[in-house]
Structures are given as structure tokens and as C-alpha cells.
Amino acid sequence: MRSSTETWETNGERRCRIPGEGIILCQAQIDLDAVAWNTELIRNTSGTAVMAVVKADGFGHGMIPVARTALAHGAAWLGVTSIPEALELREAGITAPTLSWVHHHDEDFGSALRAEVDLSASSVEHLSAIAESAARAGMTAQVHLKIDTGLSRNGASAGHWHELVTKARRLELDGVVRIRGIWSHLVHSSDPRSPSLLRQTHLFDDAVTIARDAGLTPRIRHLANSAAALAASATRYDLVRAGIGLYGVEPIGESFGLRAAMTLYARTVLVKDVPTGTGVSYDHTHVTARQTRLALVPAGYADGIPRAASGRAEVWMAGRRRSIAGLIAMDQFVVDAGDADVALGDEVIIFGPGTRGEPTVLEWADWASTIPHEILTGIGGRVGRRYIGSAAPHTTNKES
Ligand SMILES: *Cc1c(COP(=O)(O)O)cnc(C)c1O
């Protein structure tokens, strides 16, 4: 675990040092005011309580600072994939309602129960294991039952739902579980106008009815992700689960006014002039068509800069966008700076909100034939995180 990361600015340059690890070569600046803005925007646009989905280290932004900011700006719940993530929130002193949703059927749920973490269950096996842990701990587990309404991922199939809710009711009467929520997840997570949405809400409503008929009284029904929270009112129910929108990526092809939270910076480590016909980077997939200046940037696919974007990707450098030349390597890539006046140590913006002309994470996702979620969560552990905004902690390590 990192601690006491030091940051400072020299001549407007962001620098960051982790003791014993030297100066970080590439840095993600996280604007917590953007996270705050996005939380409020999703809350107001949906008119529904918001679960801030902070799994995968807050989509690469740092789970704890993002969670604190979202909670301070209207989020009511936190969502994570796994119990260790939930416990990390608790260790940071965050007591807000938290749901964890992917578990083995034979886990010991005791630590999660003692930390008052709500648990999702998609099968009788999972529910029974949660109930056994609760009985051992002398506690009542708060459970959200998950129904598979079409994604065919987590969630009980319709054919097993009756058995699951019947078992749940029996365990409620035993006092070991309380079914607080019923939930599901959408198939077309970035297309809230897909016809499958109506089919899923119908199946979801049916599942809730069956649960109520079995005697359960779930207070919190939740189905929507960011896209649906913003654009599909029929999916909102009692709570919406916002992930990508929280981080400022517009989840469908229109603007709701979200603000990108992450800007990825680096500084050039070497600049050289090369003649026409110079092959650049591994395998010489790029050969210079003219005499040009090459700038070396110390960030590569180990830092989450996708190699698949080689040949298409651009960065912001010396006042305009410039192409990456040749293959992105593990730790470095080369920018063709033309005849620009690029110097050692010059700032490079790999992606950001786009307000200065720099590429956005959405463009990077397109260049790499993936989605922004994969780019953001892929930003590596070696990349420093620096927090700005009124909620920013003084230190910049991810755990702060
Ligand atoms: C990751 C995740 C979300 C967040 O989805 P976004 O499209 O990023 O808003 C919501 N629900 C579940 C179950 C998830 O796994």
C-alpha cells in the first residue's frame, strides 16, 4: 500500500513522487468536482436515489476519494463487485449503505456481515451460505436477490426464482436474512431505447410480484445503469446504479452535460530529429514520410495505453493534436511532432475532458475498438493519481 505520496508543481508542471519509487512518469489527474457534478446531475435527471458504483478502484479513479465525493453530493448507496472492496470502504470509515454482488457460493460472509455490507444472492446456494454465516455471527444478513432478466450473467433464471424467494422467506422467518432489495441488470447497457428494455422491465416486475406473493417485502428495486438512469425512466424504480456516468463519460450518443473526471498526463522524456524514411518503434510499422521530430512519451500498455490503438491514436502536445507513430510499447510510445517546438519535459495530454482540444477517453476507446470503461479501469497502478477539486485530499495516493 502506498503512503505519503508527495506532489508539487514547478512552473505549472505537475510532479509527483512516491517515496522510494522515484518520480512518476505518467499521472492521472482526477477532478473530484466533476465527480460531484456528475453525481448531482444523475440524481437530478433521474429523480431517483443513486448508487455510486465504485468497483474496480472507482473505475480507475480511486475508490475512496470517489466514494466520499459521491456520498457528499447526493449518492445514497455504494456498489462494489466484491467483499474485499466493500471492506476497504469500511476500513476508510465509510459507513454508507453498500452492496457487494459477486461471490463464491462457499465464501465466509462473516466479515461482510459484521461490516454491515449488503450482499447480493443469485442462487439458493449463495443465499444458504449467507444465511449460515449470519447464523454463526448471530446477525441478520441484508440481502438483495438478483433475477436474470435476459443478460444471462449473474442472477437467478426465471425457472429458479420461485424456489429462491420461497427459501428466502423461510430464512427471513428464521431471522437470519432480510430481503432488502430485488435487482437485475440490463442487456443493452448503452442503448436505453432498445426494445429489450421493455421485456426486461416486464420480467423484473413479474419477479417482484412473485417475491411479494411469497411474503417478501423488498423495499429497494433496482435495474438501471448510468445510461438507463439518464434516458429510460421506466427502469428507474427505487435506485439507479451509476458507474461510467459518475466518471463523466456520456453513456449514450448524446450529451447530458457530464464532466470527464480523469485527465491523463505525461511529459516527454526524449526528443530527436530524424530524416525521411526512419522506421519508428517495434517492427517499424511506421516509417517517417519526411524529416520530422519524434517525442518519446513514458507511458505504454502496462499503464493502460491500449496497444490496439497504435496507428490511430493521437495526443495533445505543443498546442495541438499529434499522432502516435508506430506501435505503442509496454512503457513508452513515440509521437510524431513534425516541426513543432517540442522540448524535453513538455507536457503531453493523453486524454481528458476534450475542452482544450485533447482526445477524450471515448476517442481512445474507439481507436482501440473497446469501450471507455475498459480504458479507465485499465489505467495501471504505476500511474500516479492526483486529486483536484474542493473535495481533494491533501495526499494523492490512491488509498487516501
Ligand atoms: C458496473 C455495473 C454497473 C454500472 O454500469 P454503468 O453502465 O457503468 O453505469 C451497474 N450495475 C452492475 C451490476 C454493474 O456490474
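Residues numbered from 1 in each chain as written. Predicted model: local features only at pLDDT ≥ 70, side-chain atom pairs only at ≥ 80, totals over all residues. Heavy atoms only, no water.

(A) Representation of the confidence of the model for the protein chain within the structure. The predicted model of the protein chain has a mean per-residue pLDDT of 93, with 92% of residues at 70 or higher. Below pLDDT 50 for its whole length, residues 16-21 participates in 21 contacts with residues either more than four positions away or in separate chains. Confidence over residues 394-400 falls short of pLDDT 50; this stretch has 28 contacts with residues more than four positions distant or in other chains. (pLDDT = per-residue confidence, 0-100. Contact = heavy atoms within 4.5 Å.)

(B) Geometry of the side chain of Arg386. Tracing the backbone through its elements, the reader meets Arg386 in strand S21 (residues 384-388). Overall, Arg386 belongs to the buried group, its relative accessible area being 13%. (Helix = DSSP H or I, 4+ residues; strand = E, 2+ residues; numbered from the N terminus. Buried < 20%, exposed > 50% of the residue type's maximum accessible area, 1.4 Å probe, protein only.)

(C) A look at helix H8 (residues 196-213). For H8, built from 18 residues, the straight-helix expectation of 26 Å at 1.5 Å per residue is met to within 8% by its first-to-last C-alpha distance of 26 Å. Turning to H8, its buried residues number three or more, namely Ser196, Leu197, Gln200, Thr201, Phe204, Ala207, Val208 and Ala211. Projected down its long axis, H8 shows its buried positions confined to an angular sector of 135°, all on one face. Exposed and oriented more than 90 degrees from the buried face of H8 are Leu198, Arg199 and Asp213. Packed against the buried residues of H8 are helix H7 (158-174), strand S9 (177-183) and strand S10 (220-222). Backbone geometry just after H8 places Gly215 at a positive phi near 105°. (Expected span 1.5 Å × (residues − 1). Arc of directions from axis to C-beta.)

(D) Geometry of the site of the ligand. Residues in contact with the ligand amount to 13 residues; listed here are only the nearest, Lys55, Ser226, Arg241, Gly243 and Ile244. A distance of 2.6 Å separates an oxygen atom of the ligand from a polar side-chain atom of Lys55. Here a nitrogen atom of the ligand sits 2.9 Å away from a polar atom, N or O, in the side chain of Arg241. For the ligand, whose unbound accessible area comes to 390 Å², protein coverage reaches 93%. Judged by its atoms lying within 2 Å of the grid points, the ligand is housed in the largest pocket. Mapped by element, the contributors of at least two residues to the shell around the ligand are helix H2 (55-59) and strand S11 (239-242). For the shell around the ligand, a count of residues per class yields five nonpolar, five polar and three charged. (Near = heavy atom within 4 Å. Polar contact = N/O pair within 3.5 Å; in protein donor to acceptor, adjacent residues only side chain to side chain. Areas by Shrake-Rupley, 256 points an atom, 1.4 Å probe, with all protein chains shown as cover. 1 Å grid on protein atoms, 1.4 Å probe; cavity = no way out; pocket = protein on both sides within 12 Å on 5 of 7 lines; lining within 4 Å. Sits in = over half its atoms within 2 Å of the grid points. Nonpolar A, V, L, I, M, F, W, Y, C, P; charged D, E, K, R; others polar.)

(E) Region of interest: the pairing of strand S4 (residues 49-53). S4 sits mainly inside the fold: four of its five residues count as buried. Relative to S11, S4 runs parallel, the two sharing four bridges. Each bridged residue has a counterpart across the sheet, and for Ala49 the counterpart in S11 is Leu239. Across four bridges, S4 lies against strand S5 (residues 75-80) in parallel orientation. (Pairing = 2+ DSSP bridges.)

(F) Structural context of the sheet that holds strand S17 (residues 314-317). Taken in spatial order, the nine strands line up as S13-S16-S19-S18-S17-S20-S12-S3-S21 in an open sheet, and their pairing is mixed. Of all strands in the sheet, those bounded by a partner on one side alone are strand S13 (270-274) and S21. Averaged over all neighbouring strand pairs, the angle between strand axes comes to 35°, with direction disregarded. Relative to strand S19 (residues 333-336), strand S18 (residues 320-325) is paired through two bridges, and the arrangement is antiparallel. (Axes fitted to C-alpha atoms, helices over the stretch in contact; angles between N-to-C directions.)

(G) Representation of the packing of aromatic side chains. On inspection of all chains with the given rule, the structure shows four aromatic pairs. Aromatic pair Phe204 and Tyr237: ring centres 4.9 Å apart, planes at 70°, arrangement edge-to-face. Here Phe204, found in helix H8, pairs with Tyr237, found in the loop between helix H9 (226-231) and S11; they are 33 residues apart in sequence, far enough to count as distant. Across this residue pair, the class does not change: Phe204 and Tyr237 are buried. Here the aromatic rings of Trp364 and Trp367 are separated by 5.5 Å at their centres, their planes lie at 75°, and the arrangement is edge-to-face. Taken together, the positions of Trp364 and Trp367, both in helix H10 (residues 361-367) and three residues apart, correspond to about one turn of that helix. Judged by relative accessible area, Trp364 falls into the buried class, the value being 1%. What makes Trp367 buried here is its relative accessible area of 12%. Over the ring of Trp183 we find Lys146, and its NZ or CZ is 4.0 Å from the ring centre. (Phe/Tyr/Trp six-rings, centres within 6.5 Å; stacked < 30°, edge-to-face > 60°. Lys NZ or Arg CZ within 6 Å of the ring centre and 35° of its normal.)

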